[in-house]
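Overview (structure and organization)
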Amino acid sequence: MKYLLDRTDEQILAELKANARISHADLSAKVNLSRNAVRVRIERLEREGFIKGYTILTADGGNSQNVTTALIFVYRHDRMRGGEVIQALRKIPEVVACDVMTGDFDLLVRVESPEADRIRQIWQLIAEMPGVRDTLTAFALSSAIRR
C-alpha cells in the first residue's frame, strides 16, 4: 500500500525543495514537529519514493548562464545606529550575504545576479539609501575556494 502525503509531509517537501540544506531543527520549527519526528518523516518519504535522491547544483544553477557576483563595501553615516540599512538590504533577494565589519568600511554585501545590469541597479539603490555615506563595488572574477 502506497503512503499518502498529508499536509505536514507536503510542507516538509516544499521546504526541502526551497532549501535542501535546511537543518532538521530549522525544518521542525517551520512545520511544528520535533526534530526526531521530522527525521522519521524524511526517512519515510525517501523509503516511499517521494524523495528519490539528492543533487548538487553549481553556482550557475546547472545551466550555461553565469551568475555575476559583486562585493559592495558600504560606509554608513553612523555605525551604531545604522540598522535601517541592514533591514533594507534584507529585502533585496539578490543580496546573498551581508557582514558587519571592523575597519574602514561597515558592511560587506555580497550580491549575485545573472544580469550585471541588475547589480548596477542594486548598487544604485544601496548608494541612495538613507544612512549610507558611500559605497565601493568590486566584481568577483572567479571563485578560488568555494565550500
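Residue numbering note: each chain is counted from 1, following its sequence as written. At least 70 in pLDDT is required for a residue's local features to be given in this predicted model, at least 80 for side-chain atom pairs to be given and counted, and no such filter applies to totals for whole chains, interfaces and linings, which use all residues. Computation of side-chain values covers all heavy atoms of the structure but excludes hydrogens and water.

Turning to the pattern of salt bridges, a few remarks are in order. Here, a salt bridge means any Lys or Arg side-chain nitrogen found within 4 Å of an Asp or Glu carboxyl oxygen. Tallied over the entire structure, the rule returns eight salt bridges. Close ionic contact of Asp-6 with Arg-41 constitutes a salt bridge, the shortest N to O distance being 3.0 Å. On the criterion of sequence distance, the pair formed by Asp-6 in the segment before helix H1 (7-18) and Arg-41 in helix H3 (residues 35-47) is long-range, its members being 35 residues apart. Classification of residues uses two cut-offs on accessible area relative to the type maximum, computed with a 1.4 Å probe and protein chains only: under 20% is buried, over 50% is exposed, and between them is partly exposed. Accessibility expressed as a relative area gives 30% for Asp-6, which makes it partly exposed. Given a relative accessible area of 17%, Arg-41 falls into the buried group. The partner of Glu-94 in a salt bridge is Arg-118, and the shortest N-O contact between them spans 3.0 Å. Of the two residues, Glu-94 sits in the loop between helix H4 (83-90) and strand E2 (95-100) while Arg-118 sits in helix H5 (residues 116-127), which places them 24 residues apart along the sequence. What makes Glu-94 buried here is its relative accessible area of 18%. Here a helix means four or more residues in a row that DSSP labels H or I, a strand means two or more in a row labelled E, and each is numbered from the N terminus.

With that settled, consider helix H2 (residues 24-31). If you check which residues of H2 are buried, you get Leu-27, Ser-28 and Val-31. Buried residues of H2 fall within an arc of 100° about the axis and therefore sit on the same side. Contacts were defined at the residue level, with two residues in contact if any of their heavy atoms lie within 4.5 Å. Of the surrounding secondary structure, the elements contacted by the buried residues of H2 are H1 and H3. Relevant arc is that of directions from the helix axis to the C-beta atoms, nothing else.

Hydrogen bonds along the backbone pair up the strands of a sheet, which may run parallel or antiparallel. Whether two strands pair comes down to DSSP finding at least two bridges between them. On the basis of which strands lie adjacent, the open sheet formed by four strands has the order E2-E3-E1-E4 and antiparallel pairing. The open sheet terminates on both sides in strands that have one partner only, identified here as E2 and strand E4 (132-140). Neighbour-to-neighbour, the strand axes of the sheet open up by a mean angle of 20°, direction not taken into account. Summarising the sheet, strand E1 (residues 68-76) and E4 pair through eight bridges and their orientation is antiparallel. Bridging across to E4, Ile-72 finds its partner in Thr-137. Here an angle of 0 to 180 degrees is reported between the N-to-C directions of two axes, which are lines fitted to C-alpha atoms, with helices fitted over the stretch in contact.

Our focus in this paragraph is the confidence of the model for the chain. A residue's pLDDT is the predictor's confidence in that residue, given on a scale from 0 to 100. Chain-level pLDDT for the chain is 84 on average; 88% of the residues reach the 70-or-more range. Across residues 60-64, confidence stays below pLDDT 50; counting only partners more than four residues off in sequence or on other chains, it has three contacts.

Turning next to the packing of aromatic side chains. Put simply, two rings from Phe, Tyr or Trp (the six-membered ring, in Trp's case) pair if the centres are within 6.5 Å, and we call them stacked under 30 degrees between planes, edge-to-face over 60, tilted for the rest. Taken as a whole, this structure holds two aromatic pairs when the rule is applied. Taken together, a centroid distance of 4.5 Å and an interplanar angle of 75° make the contact between Phe-73 and Phe-105 edge-to-face. Separated by 32 residues along the polypeptide, Phe-73 in strand E1 and Phe-105 in the loop between E2 and strand E3 (107-113) bring together distant segments of the chain. A relative accessible area of 17% places Phe-73 in the buried class. Taking the relative accessible area as the measure of exposure, Phe-105 reaches 17% and is therefore buried. An aromatic cluster of three or more residues is present, and its members are Phe-73, Tyr-75 and Phe-105.

Here the focus is unusual backbone geometry. Even without a glycine there, the phi angle at Asn-32 is positive, about 60°. Tracing the backbone shows Asn-32 in the loop between H2 and H3.

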